[in-house]
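Spelled out, the chains give:
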Amino acid sequence: MRPDRAIRIVPPTNSRRAVAIVTGGSSQSGRDVARRLASWAWPIVVVYLQCQSRAEATVAEIIAAEGTTVAVRADLADELDVQRLFTESIAAFGGVDVVAHTTTDSATLLYRHAGRSVRPGGAIVSTSAAEHITPEVARQLRERGVTVGRAPPEAVLSFLDEWRRRPIG
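Structural notes, computed from the coordinates. Note that the coordinates shown come from a computational prediction; the quantities given were computed from them, not determined experimentally.

**Regarding the packing of aromatic side chains**
Link 1 in the chain: If you walk through the whole model with that rule in mind, you get two aromatic pairs.
Link 2 in the chain: Aromatic side chains tryptophan 42 and tryptophan 163 sit 6.0 Å apart centroid to centroid with 90° between the ring planes, which places their arrangement in the edge-to-face category. Of this pair, tryptophan 42 sits in the loop between α1 (28-39) and β2 (44-48) while tryptophan 163 is found in helix α6 (residues 156-165), placing the two residues 121 residues apart along the sequence. Like tryptophan 42, the residue tryptophan 163 is buried in the burial classification.
Link 3 in the chain: Across from the ring centre of tryptophan 40, 3.7 Å away, lies the NZ or CZ of arginine 164, which sits over that ring.

Given below as structure tokens:
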């Protein structure tokens, strides 16, 4: 190597396999986020409430690109649905590391269940207006080292890319 050439050091990527829940998997922004995260070789849980055919199309695209995914129908305003969402995600992939909330639906229950279910060191990013996180849920997320943030739809992937490049532990 010539001495006048600079060496660019790229931070190591997070070596663990991250499992992501993506809400709004039947919408364009949710579909885009799910497909891009799947391209990182992450297993994806595509969440939808309506438009099952569009959610299935998202799943089919991920599978066609040799990704791993499942779709789960869940009403984010229903306690039992959100609980089932995390239960089914953990059953399918062994855990949840990331929640990408790409809808305008309230994320209150999503945050509450994520506080108990997202693996330590995980991340939650929302594209909707800032939600009120109760002090108890905020404490749970802090104790588990879960990164929480807000980003416009076009910046969700940058947020998660920065998160995944952080050293583990």
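**Here we look at the nonpolar core**
Link 1 in the chain: One finds Leu37, Trp42, Ile44 and Leu160 to be the most contacted residues of the largest nonpolar core, which totals 24 residues.
Link 2 in the chain: Elements with a contribution of two residues or more to this core: β1 (20-23), α1, β2, α2 (52-64), β4 (96-101), β5 (118-126) and α6.
Link 3 in the chain: Not counting residues up to four positions away in its chain, the partners in contact with isoleucine 44 are Ala20, Val22, Ala34, Leu37, Ala38, Ile62, Thr68, Thr69, Val70 and Phe93.
Link 4 in the chain: Counting residues in each nonpolar core, the second largest holds 23 residues, with Ile21, Val47, Ala74 and Leu110 among its members.

**Description of the sheet that holds β2**
Link 1 in the chain: As summarised here, the arrangement of the six strands in space is β3-β2-β1-β4-β5-β6, forming an open sheet in which the pairing is parallel. Bordering the open sheet on either side are β3 (69-73) and β6 (147-150), each of which pairs with just one other strand. Strand-to-strand, the axes of this sheet are offset by a mean angle of 15°, without reference to chain direction.
Link 2 in the chain: Sheet topology note: the β1/β4 ladder contains four bridges and is parallel. In the sheet register, alanine 20 faces β4, and the bridge partner there is valine 98.
Link 3 in the chain: Contacts from α1 reach β1, β2 and β4 within the one sheet, and its direction differs from that of β1 by about 165°.

About the thresholds
Residues numbered from 1 in each chain as written. Predicted model: local features only at pLDDT ≥ 70, side-chain atom pairs only at ≥ 80, totals over all residues. Heavy atoms only, no water. Phe/Tyr/Trp six-rings, centres within 6.5 Å; stacked < 30°, edge-to-face > 60°. Helix = DSSP H or I, 4+ residues; strand = E, 2+ residues; numbered from the N terminus. Buried < 20%, exposed > 50% of the residue type's maximum accessible area, 1.4 Å probe, protein only. Lys NZ or Arg CZ within 6 Å of the ring centre and 35° of its normal. Core = buried A, V, L, I, M, F, W, Y, C linked by side-chain atoms within 4.5 Å. Contact = heavy atoms within 4.5 Å. Pairing = 2+ DSSP bridges. Axes fitted to C-alpha atoms, helices over the stretch in contact; angles between N-to-C directions.

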